[in-house]
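Structural overview
What follows is each chain in one-letter form.
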Amino acid sequence: MPFDFRRFDIYRKVPKDLTQPTYTGAIISICCCLFILFLFLSELTGFITTEVVNELYVDDPDKDSGGKIDVSLNISLPNLHCELVGLDIQDEMGRHEVGHIDNSMKIPLNNGAGCRFEGQFSINKVPGNFHVSTHSATAQPQNPDMTHIIHKLSFGDTLQVQNVHGAFNALGGADRLTSNPLASHDYILKIVPTVYEDKSGKQQYSYQYTVANKEYVAYSHTGRIIPAIWFRYDLSPITVKYTERRQPLYRFITTICAIIGGTFTVAGILDSCIFTASEAWKKIQLGKMH
């Protein structure tokens, strides 16, 4: 007797003349197909969309930076002449620089009565401060007006991504024009290293920061101290990493198979229950007639 390979068929076919179409089965089939289409499109959208996940760890992510952080500062002082405005930098490694001028410019405002300072500079990865003041001026003014607007203060690379909403420019838009003109301003910054890695593995290094501020008029035994705008910073040991990820193809295929199989199985059970109940009801009605 020849070997019949068809005996391994677990999907046995039922002849068409033994099947019976019903209106209920047709409605369930149409609803089933629409439901599968909806879930398929939802999963396809999720598969195409890039997901950004974040994690925290303790490390210095940018070890090739030479222990430096790039800073970008843009600030307007509408009531202080440009020849009086300067940037000073100091930190715990002994750096003390008065009147930093590299990669910076001063733009006169209000017909020369005010000044807009824009600068790019680097700081060491140790606690320190940089401040806008009149300390570098050849002659100190009697009553310097330190009211100001901060347009931008950022650290590291500028991340051009849509899916990350962090405090990369937390002081952007800070308005102190109604403050006491003779007051100093202290901004205490906690800088958090941030890494963004795209799908290709390319990394960008930036820094977010939180800020607290206070305003005060300072005095010493010789009288009132000349006001300044201080940015005092410290680095957090925690690094935030954002990583772009896309759902693997095998997971997408597995999910689609589960959707199709599960939907058809549930629909088949539902159709069978309805059909069985319908046939039983018909028999009951026939019994009443007899």
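The numbers attached to residues start from 1 for each chain and follow its sequence in the written order. Local features in this predicted model are restricted to residues of pLDDT 70 or higher, and side-chain atom pairs are both shown and tallied only at a pLDDT of 80 or more, whereas totals for entire chains, interfaces and linings draw on every residue. No hydrogens and no water enter the side-chain calculation; it runs on all heavy atoms of the structure.

With respect to the state of the cysteines
Cysteine sulfur atoms that come within 2.5 Å of each other are treated as a disulfide pair. If you walk through the whole model with that rule in mind, you get 1 disulfide. Bridging Cys82 to Cys115, the disulfide has an S-S length of 2.4 Å. Between Cys82 and Cys115, the disulfide has an S-S torsion of 100° and is therefore right-handed. Taken as a pair, Cys82 in the loop between strand S2 (68-77) and strand S3 (86-91) and Cys115 in strand S6 (residues 114-124) lie far apart in primary sequence, 33 residues in all. For every residue, the accessible area obtained with a 1.4 Å probe (protein chains only) is divided by the maximum for its type, and the residue is called buried under 20%, exposed over 50%, and partly exposed between those limits. Residue classification places Cys82 among the buried positions, given a relative accessible area of 13%. Secondary structure elements follow DSSP: runs of H or I no shorter than four residues count as helices, runs of E no shorter than two count as strands, and numbering proceeds from the N terminus.

A few points about unusual backbone geometry
The backbone of Asn110 shows a phi angle near 55°, a positive value even though the residue is not glycine. Examined against the element boundaries, Asn110 turns out to sit in the loop between strand S5 (104-109) and S6. Non-glycine residue Asn111 carries a positive phi angle of around 60°. Topologically, Asn111 is positioned in the loop between S5 and S6.

What about the packing of aromatic side chains?
Classification of ring pairs rests on two measures: the distance between centres of Phe, Tyr or Trp rings, Trp counted by its six-membered ring, which must be within 6.5 Å, and the angle between planes, read as stacked under 30 degrees, edge-to-face over 60 and tilted in between. Under the criterion given, the structure shown has 7 aromatic pairs. Ring geometry for Phe40 versus Phe252: centroids 6.3 Å apart, planes at 50°, classification tilted. Note that Phe40 is positioned in helix H1 (residues 23-48) and Phe252 in helix H2 (residues 249-289), a separation of 212 residues in sequence. Under the relative-accessibility criterion, Phe40 is labelled partly exposed at 32%. Look at Phe252 and you get buried, because its relative accessible area is 10%. Three or more aromatic residues joined by ring pairs form one cluster here, namely Phe121, Phe130, Tyr187, Phe231 and Tyr233. The residue whose ring lies beneath Lys214 is Tyr216, and the NZ or CZ to ring-centre distance is 5.5 Å. Its guanidinium or amino end placed over the ring of Trp230, Arg232 lies 4.4 Å from that ring's centre, counting from NZ or CZ. Charge-over-ring contacts are defined here by two conditions on Lys NZ or Arg CZ: a distance within 6 Å of the ring centre and an angle within 35 degrees of the ring normal.

A word on the layout of surface pockets
It is a probe the size of a water molecule, rolled over the atoms, that shows where empty space is left. Both site types are read off a 1 Å grid over the protein atoms alone. A 1.4 Å probe that fits but cannot get out defines a cavity, while an open set with protein on both sides within 12 Å along at least five of seven lines defines a pocket; lining residues have an atom within 4 Å of a point. Grid points are joined across faces, edges and corners, and a volume is the space filled by probe spheres set on the points. Space inside the largest pocket adds up to approximately 200 Å³. Along its surface, the largest pocket is lined by 13 residues, and Ser154, Thr158, Leu159, Phe168 and Asn169 are the ones closest to its centre. For the lining of the largest pocket, the residue count by class is 5 nonpolar, 6 polar and 2 charged. Polar here means any residue outside two lists: the nonpolar Ala, Val, Leu, Ile, Met, Phe, Trp, Tyr, Cys and Pro, and the charged Asp, Glu, Lys and Arg; Gly therefore counts as polar.

Quick look at the environment of Gln247
As for its placement among the helices and strands, Gln247 is situated in the loop between strand S15 (238-245) and H2. In the structure, Gln247 is positioned 130 residues away from Phe117 in sequence and 46 Å away in space, judged by C-alpha atoms. We call two residues in contact when some of their heavy atoms are within 4.5 Å. In this view, Gln247 contacts Glu43, Gly46, Phe47, Phe252 and Thr255; residues no more than four positions away in its chain are not counted.

Digging into H1
For H1, which comprises 26 residues, the first-to-last C-alpha distance of 38 Å matches the rise-based estimate of 38 Å (1.5 Å per residue) to within 8%. Residues of H1 that are buried include every one of Gly25, Ile28, Cys32, Ile36 and Phe47, and no others. Expected span of a helix: the number of residues minus one, times 1.5 Å.

Observations concerning the side chain of Thr194
One can find Thr194 in strand S10 (residues 184-197). Between N or O atoms, a polar contact is any pair within 3.5 Å; within protein, one atom must be a potential hydrogen donor and the other a potential acceptor, and residues adjacent in sequence are included only when both atoms are from side chains. Among the polar contacts made by the side chain of Thr194, one reaches the main-chain carbonyl oxygen of Val192 at a distance of 3.2 Å. In this structure the side chain of Thr194 is engaged in a polar contact, spanning 3.3 Å, whose partner is the side chain of Gln208. Each residue touching Thr194, except ones within four places of it in the same chain, is listed here: Phe168, Gln204, Tyr205, Ser206, Tyr207, Gln208, Val240 and Tyr242.

So, the UniProt feature "transmembrane region" (unreviewed entry) in the protein
As recorded in UniProt, the sites labelled "transmembrane region" (unreviewed entry) are residues 20-41 and 249-270. Counting secondary structure, residues 20-41 comes out at 86% helix and 0% strand; the distance between its end C-alpha atoms is 32 Å. End C-alpha atoms of residues 249-270 are separated by 32 Å, and the span's content is 100% helix alongside 0% strand. UniProt positions are given in the numbering used here, feature names are shortened, and annotations may be inferred rather than shown by experiment.

Some remarks on a nonpolar patch on the surface
There is a patch of nonpolar side chains on the surface, built from Leu37, Phe40 and Leu41 and spanning about 260 Å² of accessible area. By the secondary structure assignment, Leu41 is in helix H1. Patch definition: residues above 30% relative accessible area lacking any salt bridge, with like charges linked at up to 9 Å and the nonpolar side chains Val, Leu, Ile, Met, Phe, Trp and Tyr linked at up to 5 Å. Note on areas: Shrake-Rupley with a 1.4 Å probe; residue coverage comes only from the protein chains shown. Note on definitions: salt bridges are taken to be side-chain nitrogens of Lys or Arg within 4 Å of carboxyl oxygens of Asp or Glu.

Observations concerning the pairing of S6
In terms of residue burial, S6 counts as a mostly covered element, since 8 of its 11 residues are buried. Between any two strands, at least two bridges found by DSSP are needed for them to pair. Looking at chain direction, S2 and S6 are connected through 10 bridges and run antiparallel. Across the sheet, the residue bridging to Asn74 is Glu118, located in S6. Counting the residues in the hairpin turn of S5 and S6 gives 4 residues, including Asn110, whose phi is positive at 55°.

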